[in-house]
Amino acid sequence: MSQNHFETEAIRQQLERTQYQEHSVPLYLTSSFVFEDAEDMRASFSEEKQRNLYSRFTNPNTSEFVEKICTLEGAEAGYAYATGMSAVFSTFAALLNAGDHIVSCRSVFGSTHTLFTKFLPKWNIETSYFKVNEIEKIESLIQPNTKIIYAETPTNPAVDILDLEVLGQIAKKHNLLLIIDNCFATPYLQNPIQFGADLVIHSATKLIDGQGRVLGGVTVGKANLVREIYLFSRNTGPALSPFNAWVLSKSLETLSVRVDRHCENALKVATFLEQHSNVELVKYPFLKSHPQYHIAKKQMKKGGNIVAFQIKGGLEHGKTFLNKINMCSLSANLGDTRTIVTHPASTTHSKLSVEDRAEVGITDGLVRISVGLENVEDIIKDLEQALV
Ligand SMILES: *Cc1c(COP(=O)(O)O)cnc(C)c1O
C-alpha cells in the first residue's frame, strides 16, 4: 500500500495539473492523441514510449481511475471497463483457453452465473460450483485443467461470507488463480489481495459511483495477468468512457465517508429488523447472529450496506411488503444513496426453481435491502409501516 491513508489517496491521487493550474481534474473527452512526427508515432505504437494513443487503449481519465483503484486495493496494475460484466467477461476471456475449467462459488451475480453456464461452455470452458457453506469441498472439485477459483463475498442477495484467507491458501496450494468480485465490500471495507487473491474485479456501478448515475467496471491485480487482460481488452473494445471514468474517480474521493454512513445505517436497520415480530431471520455480516460473523470481522472493516431478511409468510407477504413501501425504491440497482428494496423470489430470481433458489440462499420470504444515505429514522419508518 501507499504511504498515505486510504481517504487521502482516494482524494489526492490525481493526474498532473495542466498549464491552466486547475484544482479539479479536467475531462479528457478525446478519442485519440496526436504525435510529434513519424518517429514519435513509431516509438509509441511499438510501446517503447508509454503514452496515450487511442482511448480504447488508455485515456488520462480512465488511467487516473484505474491507478487509484490499484492504490486502494494494493494492486500492481489494472484496466477499466464500460460495465462490471465486461470486466468479468474480459478477465475470463483473456486468461482462459478452450478446455480450461473454473471452480466457483454457486452464489455469484446472476449474469456471471449465465456466463458460466451458457456462454463459456461454447468455448468448452466448464465451471464446477461449490455452495457458499461448503468451502471444504473446493479441493475435490479441482481438476487437472482447472485454472481459476472464483468467488464473491459478501454474496448477493443472501449476504453470506466466504473466508478469503482459506480461498487464498487453497489457490496457492494448487497453483490456481484466485479471482474475487469485491463489489459488495468496495476497496474501503476489504482488500482480497491481502488474503492471496491474484485479481480483484469491481462493478463500479454500485457503491463506487454510489449515486446511481453511471455504469463501470475494473479489474486490478498482478501486472503479468493484467498485461494479458489489457491486450485482450484493447483489441476487443470494452473500454470505460472517459466521462464515466471522470465521474467514478470523483466518486472515489467520497467513498470512505459514504460507505461509513451506509454501514452505520445498515447496522441500525438490521438491528431494528432483528427485533421485529414479522421478521424471521436477519442476515448482516456485522450482526453477532450472522453465521460467518467471525470471518466477516476478520476480513472486513465494517459490514457493508446490504441487509437481507426473511419476512414471515413467504412469497405473498414478500410481495405485499414491496407494495406497501412508500419512500424506498423498488429497483434493480444497489449501493445508491437511495435505499432500494427487492424481493428476489418474485422478481430477479423468479425464473429459478425453488431448489435452485435455495442453492443460493433465496427463500420465498427473502427481502434484500440496499441501505442508502437518507436519515436512518426515515428508512426504518418506511420499513416498519410496510411490515405490518
Ligand atoms: C452489479 C454486479 C455486477 C455487474 O456489474 P454491471 O456494472 O451491472 O455490469 C457484477 N458483480 C456483482 C457482485 C454485482 O453486484
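Residues numbered from 1 in each chain as written. Predicted model: local features only at pLDDT ≥ 70, side-chain atom pairs only at ≥ 80, totals over all residues. Heavy atoms only, no water.

### Let's talk about the domain arrangement of the protein
Then comes step 1: In terms of domain boundaries, the protein breaks down into domain 1 (6–252) and domain 2 (255–387).
Then comes step 2: Using C-alpha coordinates to define each centre, domain 1 is positioned 27 Å away from domain 2.
Then comes step 3: Residue-level contacts link 35 residues of domain 1 with 38 residues of domain 2.
Then comes step 4: Taken together, both faces of the contact between domain 1 and domain 2 bury some 3,200 Å²; the carbon and sulfur share is 59%.
Then comes step 5: When the buried area of domain 1 at its contact with domain 2 is split by residue, I161, Y188 and L189 rank highest and sum to 22% of it. (Domains from an automatic or database assignment. Contact = heavy atoms within 4.5 Å. Buried area = accessible area lost by both parts, 1.4 Å probe.)

### What about the pairing of strand 7 (residues 217–221)?
Then comes step 1: Judged by how many residues are buried, strand 7 sits mostly within the fold: five of five residues are covered.
Then comes step 2: Taking every second residue as pointing to the same face, both faces of strand 7 are buried, with G217, T219 and G221 on one and V218 and V220 on the other.
Then comes step 3: As judged from the five bridges shared by strand 1 (residues 77–81) and strand 7, these two strands associate in the antiparallel manner. Bridge pairing in strand 7 places Y81 opposite G217.
Then comes step 4: Two elements, strand 6 (residues 199–203) and strand 7, share five bridges in a ladder whose sense is antiparallel. Bridge pairing in strand 7 places S203 opposite G217. (Buried < 20%, exposed > 50% of the residue type's maximum accessible area, 1.4 Å probe, protein only. Helix = DSSP H or I, 4+ residues; strand = E, 2+ residues; numbered from the N terminus. Pairing = 2+ DSSP bridges.)

### Details of the site of the ligand
Then comes step 1: Close contacts around the ligand come from T83, G84, M85, F109, E152, D181, C183, F184, S203, T205, K206 and G216, and that covers them all.
Then comes step 2: A distance of 2.6 Å is found between an oxygen atom of the ligand and a side-chain nitrogen or oxygen belonging to T205.
Then comes step 3: Of the residues assigned to the shell around the ligand, the class counts are four nonpolar, five polar and three charged. (Near = heavy atom within 4 Å. Polar contact = N/O pair within 3.5 Å; in protein donor to acceptor, adjacent residues only side chain to side chain. Nonpolar A, V, L, I, M, F, W, Y, C, P; charged D, E, K, R; others polar.)

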